[in-house]
Amino acid sequence: MADLNELKKNAGILAANKIESGMTVGLGTGSTAAYMVARLGERIQTEGLKIQAVSTSWSTTIQCRQLGIPLMDLGDAEHLDIAIDGADEIDPQKNLIKGRGAAHLLEKIVASMADHYIIIADDGKKVKQLGEKFAVPLEILPNAIASVTYKVHKLGADLQIRMGAPGKDGPVISDSGNLIADAKFGTINDPEKLDSELNKIPGLLGHGLFIGMANKVILATPNGIEEW
Ligand SMILES: O=C(CO)[C@H](O)[C@H](O)COP(=O)(O)O
């Protein structure tokens, strides 16, 4: 059986090798994205690749600083050539669930800024229908937790505030200072509709449904890479 980390690494390296000098690049978060960031750092050091990057989380920012990857502040960036990120579920239409690492709010902003949004993953992330394995992560303004919970519940989900980050008691707090919750809808029959319903809830700052955003998926399987 193929090693999961090898598969993630293969996808990450292939995506990083697509980056060209002069590009502005959005860098995702998670274990697969970290392999892509590591390869970018290697190319900067060995080939003199010249890029400007925008990070989607503190964890990616710290990795970029360690590797000497030049970062722009997200607040100064208007547009990106490309963004590369991992995902938790990918359906046949390239719709995604993201946010296991609680970075989905910034990840979606960065994805929306890019001409090309590339998803890298191992083949365990492929699903027929979103919601098969994962709940939909939410980022919620702390003051709006009760009203958002009420509204999401009315849409049919069981909602749980995410607790217990290693090394800290209490709720998981996002890099932007908000609460993270996971909304269990079960399999999602109409992801576009749910996306637009969630987008209407005041105080729900972000959610992990990424509908119609990905241009390409690079999926590492035990038999090689699939791109579609
Ligand atoms: O959305 C994310 C973080 O918020 C990640 O991209 C997603 O969870 C995939 O992570 P991994 O590559 O570690 O499986």
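Residues numbered from 1 in each chain as written. Predicted model: local features only at pLDDT ≥ 70, side-chain atom pairs only at ≥ 80, totals over all residues. Heavy atoms only, no water.

Naming follows an unreviewed UniProt entry, where the protein appears as Ribose-5-phosphate isomerase A of Fibrobacter intestinalis. The UniProt entry for the protein carries the following text under Sequence similarities (unreviewed entry): "Belongs to the ribose 5-phosphate isomerase family." As its UniProt record puts it under Pathway (unreviewed entry), the protein is described as follows: "Carbohydrate degradation; pentose phosphate pathway; D-ribose 5-phosphate from D-ribulose 5-phosphate (non-oxidative stage): step 1/1." (UniProt positions renumbered as here; feature names shortened; annotations may be inferred.)

S.K.: Now, about the UniProt feature "active site" (unreviewed entry) in the protein: what can you tell me, with residues and values included?
M.R.: In this numbering, the UniProt entry assigns the feature "active site" (unreviewed entry) to Glu107. The residue glutamate 107 is located in helix H4 (residues 104–113) in this model. On the basis of relative accessible area, glutamate 107 is assigned to the buried category, the value being 5%. In contact with glutamate 107, other than residues within four places in its own chain, are Gly28, Thr29, Thr56, Asp85, Lys98, Gly99 and Phe210. (Helix = DSSP H or I, 4+ residues; strand = E, 2+ residues; numbered from the N terminus. Buried < 20%, exposed > 50% of the residue type's maximum accessible area, 1.4 Å probe, protein only. Contact = heavy atoms within 4.5 Å.)

S.K.: Describe empty space enclosed by the protein, naming the residues involved and giving the relevant values.
M.R.: Taken as a whole and judged by the stated rule, the model has 1 cavity of 30 Å³ or more. Lining the largest cavity we find Thr56, Ala102, Ala103, Leu105, Leu106, Glu139, Ser174, Asp175 and Ser176. Its residues placed into classes, the lining of the largest cavity shows 4 nonpolar, 3 polar and 2 charged. A domain-level breakdown of the lining of the largest cavity finds at least three residues from each of domain 1 (2–125 + 210–225) and domain 2 (134–205). (1 Å grid on protein atoms, 1.4 Å probe; cavity = no way out; pocket = protein on both sides within 12 Å on 5 of 7 lines; lining within 4 Å. Points joined across faces, edges and corners; volume = space filled by probe spheres on them. Nonpolar A, V, L, I, M, F, W, Y, C, P; charged D, E, K, R; others polar. Domains from an automatic or database assignment.)

S.K.: Report on the domain arrangement of the protein, specifying residues and quantitative values.
M.R.: By a widespread convention, an interface's size corresponds to the accessible area lost as its parts come together. We note that the domain assignment places domain 1 (2–125 + 210–225) and domain 2 (134–205) within the protein. The interface is formed by 16 residues belonging to domain 1 together with 16 residues belonging to domain 2. When domain 1 packs against domain 2, close to 1300 Å² is buried across both sides, 60% of that on carbon and sulfur atoms. Three residues stand out in domain 1 for area buried against domain 2, namely Ile97, Leu105 and Ile211, and they jointly supply 38% of the buried area on that side. For the pair domain 1 and domain 2, the number of links is 5 residue pairs in polar contact (both at pLDDT 80 or more). With 4 residues, the top contributor of residues to the side of domain 1 that touches domain 2 is H4. Across the side of domain 1 that touches domain 2, the residue classes tally to 6 nonpolar, 5 polar and 5 charged. (Buried area = accessible area lost by both parts, 1.4 Å probe. Polar contact = N/O pair within 3.5 Å; in protein donor to acceptor, adjacent residues only side chain to side chain.)

S.K.: Before we move on, could you go through the packing of helix H2 (residues 31–47) against helix H3 (residues 58–67) and cite the residues and values that matter?
M.R.: It is at 10 Å that the axes of H2 and H3 come closest, and there the two elements cross at 20 degrees. Between H2 and H3, the angle is such that the two are roughly parallel. Handedness of the H2/H3 crossing: right-handed. Facing H2, whose interface residues are Ala34, Val37, Ala38, Gly41 and Gln45, H3 presents Thr60, Gln63, Cys64 and Leu67. Partitioned by chemical class, the residues of the contact of H2 with H3 number 5 nonpolar, 4 polar and no charged. (Axes fitted to C-alpha atoms, helices over the stretch in contact; angles between N-to-C directions. Parallel < 35°, antiparallel > 145°, perpendicular 65-115°, else oblique. Left-handed = near helix turned anticlockwise from the far one by under 90°.)

S.K.: Any details on the confidence of the model for the protein? Residues and values, ideally.
M.R.: For the protein, the mean per-residue pLDDT works out to 97, and 100% of the residues sit at or above 70. Confidence, expressed as mean pLDDT per element, reaches its minimum in the protein at strand S13 (residues 224–227) with 95 and its maximum at strand S11 (residues 209–210) with 99. (pLDDT = per-residue confidence, 0-100.)

S.K.: Break down the site of the ligand for me, citing the residues and quoting the values.
M.R.: Looking at the ligand, there are 17 residues lining it, with Thr29, Ser31, Thr32, Asp88 and Lys125 nearest. Between the ligand and the protein, one listed contact pairs an oxygen atom with a side-chain N or O atom of threonine 32 at 2.5 Å. Calculation on the ligand without its partners gives an accessible area of 380 Å², and the protein chains cover 97% of this total. Across the shell around the ligand, the residue classes break down as 3 nonpolar, 7 polar and 7 charged. (Near = heavy atom within 4 Å. Areas by Shrake-Rupley, 256 points an atom, 1.4 Å probe, with all protein chains shown as cover.)

S.K.: Please give an account of the packing of aromatic side chains that cites residues and values.
M.R.: What the rule picks out here adds up to 1 aromatic pair. Here the guanidinium or amino end of lysine 98 rests over the ring plane of phenylalanine 210, the centre of that ring lying 5.7 Å away. Between the NZ or CZ atom of lysine 126 and the centre of the ring of tryptophan 228, over which it lies, the distance is 5.5 Å. (Phe/Tyr/Trp six-rings, centres within 6.5 Å; stacked < 30°, edge-to-face > 60°. Lys NZ or Arg CZ within 6 Å of the ring centre and 35° of its normal.)

S.K.: How would you explain the sheet that holds strand S8 (residues 158–161) if you had to name every residue and give the values?
M.R.: Ordered in space as S8-S9-S7-S10, the 4 strands form an open sheet in which the pairing is antiparallel. Looking along the sheet, the strands with just one partner apiece sit at the ends: S8 and strand S10 (204–207). Sheet twist, expressed as the mean angle between neighbouring strand axes with direction ignored, is 30 degrees. Sheet analysis places strand S7 (residues 136–140) next to S10, joined by 3 bridges and oriented antiparallel. Bridge assignment links glutamate 139 to a residue of S10, and that residue is glycine 206. (Pairing = 2+ DSSP bridges.)

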